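The residues making up each chain are set out below.
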Amino acid sequence: MKLYEHPFSTAAFKVRAVIHELGLPVTLVTLDMMKGEQKSPEFLAKNPNGKVPTLEDDGFFLWESNAILCYLAAKKPESGLLPADPKGMAQVQQWLQWHATTFAPSTSEVMFETIYAKMMGRTKDEAKYAAGLEKVRRDLGVLEKVLAGKEFLCGKLTLADFSLVSQLHMRAPMGVDLEAFPHVKAWVARMESRESVRKSLPPM
Ligand SMILES: N[C@@H](CCC(=O)N[C@@H](CS)C(=O)NCC(=O)O)C(=O)O
């Protein structure tokens, strides 16, 4: 298998972490995003969105990081990262969809006004930043309630933890403080202490 990715892509980070967690043989292919390799005709034939991460497995191409996580976990059902029982499976899907529809958009708003604005050499739009931060705090409040008395979102370690925690690894430059969310803070520390996650973090 090959994973087309970039070290600074949040969506690729969680896929790398799950690859390490499962011990799957996957070759990383880093695209030169500054040169626009992700929009080359050759790459668009693999993923018409021109985005990373994209997985290639013996002629089969798959994009959207959460779908890739499910595909990889399905190759190792014994890992329990994607439970097979209806409730367990649906609960993981619930969190993957909440990631895609809610938490990735709110954290991306904040990333856009901090990390990306700096990279693009423009000043931060304070109003947009404040609005994004408010949404992130709303979402952290949801995670805080769910994580009270639990080590992981679904009770035991699943894809949900890898997917959601990936939005927070750049919390310092994003100006996101977890002090008011002690259960989230402990969960992030728990996830970031895993070798699979540590090995996948971008070079900062
Ligand atoms: N929803 C997608 C997001 C993918 C995405 O936005 N990837 C970014 C990097 S994090 C990308 O490739 N951007 C390049 C571009 O849009 O040209 C997923 O979860 O895989």
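Residues numbered from 1 in each chain as written. Predicted model: local features only at pLDDT ≥ 70, side-chain atom pairs only at ≥ 80, totals over all residues. Heavy atoms only, no water.

In plain terms, the rule: UniProt positions are given in the numbering used here, feature names are shortened, and annotations may be inferred rather than shown by experiment.
Looking up the chain in an unreviewed UniProt entry gives the name Glutathione S-transferase family protein, with the organism given as Archangium minus. Under the UniProt heading Sequence similarities (unreviewed entry), the note attached to the chain is "Belongs to the GST superfamily."

## Here's the deal with the layout of surface pockets
Which entries qualify depends on this criterion: Cavities and pockets are defined on a 1 Å grid built over the protein atoms alone: a cavity is a set of grid points where a 1.4 Å probe fits but cannot escape, while a pocket is an open set with protein on both sides within 12 Å along at least five of seven lines, and lining residues are those with an atom within 4 Å of any such point. Grid points are joined across faces, edges and corners, and a volume is the space filled by probe spheres set on the points. Secondary structure counts use DSSP, requiring at least four H or I residues in a row for a helix and at least two E residues in a row for a strand, with both numbered from the N terminus. Nonpolar residues are Ala, Val, Leu, Ile, Met, Phe, Trp, Tyr, Cys and Pro. Charged residues are Asp, Glu, Lys and Arg, and all others, Gly as well, are polar. Here the bounds of each domain stem from an automatic or database domain assignment.
There is about 1,000 Å³ of room inside the largest pocket. The wall of the largest pocket is formed by 30 residues, among which Ser9, Thr10, Ala11, Val52 and Tyr116 lie closest to the centre. When contributions to the lining of the largest pocket are tallied by element, the ones reaching two or more residues are α1 (10-22), α3 (65-75) and α4 (86-119). Of the residues forming the lining of the largest pocket, the biggest block, 8 residues, is contributed by α4. Residues of the lining of the largest pocket, tallied by class, amount to 14 nonpolar, 12 polar and 4 charged. A domain-level breakdown of the lining of the largest pocket finds at least three residues from each of domain 1 (2-79) and domain 2 (86-194).

## Focus: the packing of aromatic side chains
What counts is decided by this rule: A pair of Phe, Tyr and Trp rings is counted when the ring centres sit within 6.5 Å of each other, with Trp represented by its six-membered ring. The angle between the planes then sorts it: under 30 degrees is stacked, over 60 is edge-to-face, the rest tilted. Only protein chains enter the accessibility calculation, which uses a 1.4 Å probe; a residue whose area is less than 20% of its type maximum is buried, one above 50% is exposed, and one in between is partly exposed. In this scheme, Lys NZ or Arg CZ marks a charge over a ring once it lies within 6 Å of the ring centre and within 35 degrees of the ring normal.
Using the criterion set out here, one finds 5 aromatic pairs in the structure. Judged by centre distance (5.2 Å) and plane angle (40°), the ring pair of Phe60 and Tyr71 falls under tilted. Within this pair, whereas Phe60 is found in strand β4 (residues 60-63), its partner Tyr71 is found in helix α3, the two being separated by 11 residues in sequence. The class for Phe60 is partly exposed, based on a relative accessible area of 38%. The partly exposed category is assigned to Tyr71, whose relative accessible area is 24%. Geometrically, the ring pair formed by Trp98 and Phe103 is stacked, given 5.5 Å between the ring centres and 15° between the ring planes. Here Trp98 matches Phe103 in class, with each residue buried. An aromatic cluster of three or more residues is present, and its members are Trp95, Trp98 and Phe103. When the ring centre of Tyr129 is taken as reference, the NZ or CZ atom of Lys124 above it lies at 3.9 Å.

## Quick word on the site of the ligand
Definition in use: Throughout this document, a residue counts as near a molecule or strand when at least one of its heavy atoms sits within 4 Å of that molecule or strand. A 3.5 Å cut-off defines polar contacts: any pair of N or O atoms within that distance qualifies, except that in protein one atom must be a possible hydrogen donor and the other a possible acceptor, and neighbouring residues in sequence count only when both atoms are side-chain atoms.
For the ligand, the full set of nearby residues is Ser9, Ala11, Met33, Gln38, Lys39, Gly50, Lys51, Val52, Pro53, Glu64 and Ser65. In the model, an oxygen atom of the ligand is placed 3.0 Å from a nitrogen or oxygen of the Gln38 side chain. Between the ligand and Ser65, the relevant distance is 2.6 Å, taken from an oxygen atom to a side-chain nitrogen or oxygen of the residue. Of the residues that constitute the shell around the ligand, the class distribution is 4 nonpolar, 4 polar and 3 charged.

## Observations regarding empty space enclosed by the protein
Applying the stated criterion to the full structure yields 1 cavity of 30 Å³ or more. Of the volumes computed, that of the largest cavity is approximately 30 Å³. Lining the largest cavity are Phe13, Lys14, Ala17, Phe162, Val165, Ser166 and Val197. Breaking the lining of the largest cavity down by element, the ones donating at least two residues are α1 and α6 (159-165). Here the lining of the largest cavity gets 3 residues from one element, more than from any other, and that element is α1. Residue composition of the lining of the largest cavity, by class: 5 nonpolar, 1 polar and 1 charged. Both of domain 1 (2-79) and domain 2 (86-194) provide at least three residues apiece to the lining of the largest cavity.

## Here's the deal with the pairing of strand β3 (residues 54-57)
How we decide: When DSSP finds two or more bridges between a pair of strands, those strands are recorded as paired.
Of the two faces of β3, the one holding Thr54 and Glu56 and the one holding Leu55 and Asp57 are both buried throughout. Across 3 bridges, the pairing between strand β1 (residues 2-5) and β3 is antiparallel. Bridging across to β3, Leu3 finds its partner in Leu55. Relative to β4, β3 is paired through 4 bridges, and the arrangement is antiparallel. Counted as the bridge partner of Leu55 is Leu62 from β4. The antiparallel pairing of β3 with β4 creates a hairpin that spans 2 residues between the two strands, and Asp58 there sits at a positive phi of about 50°.

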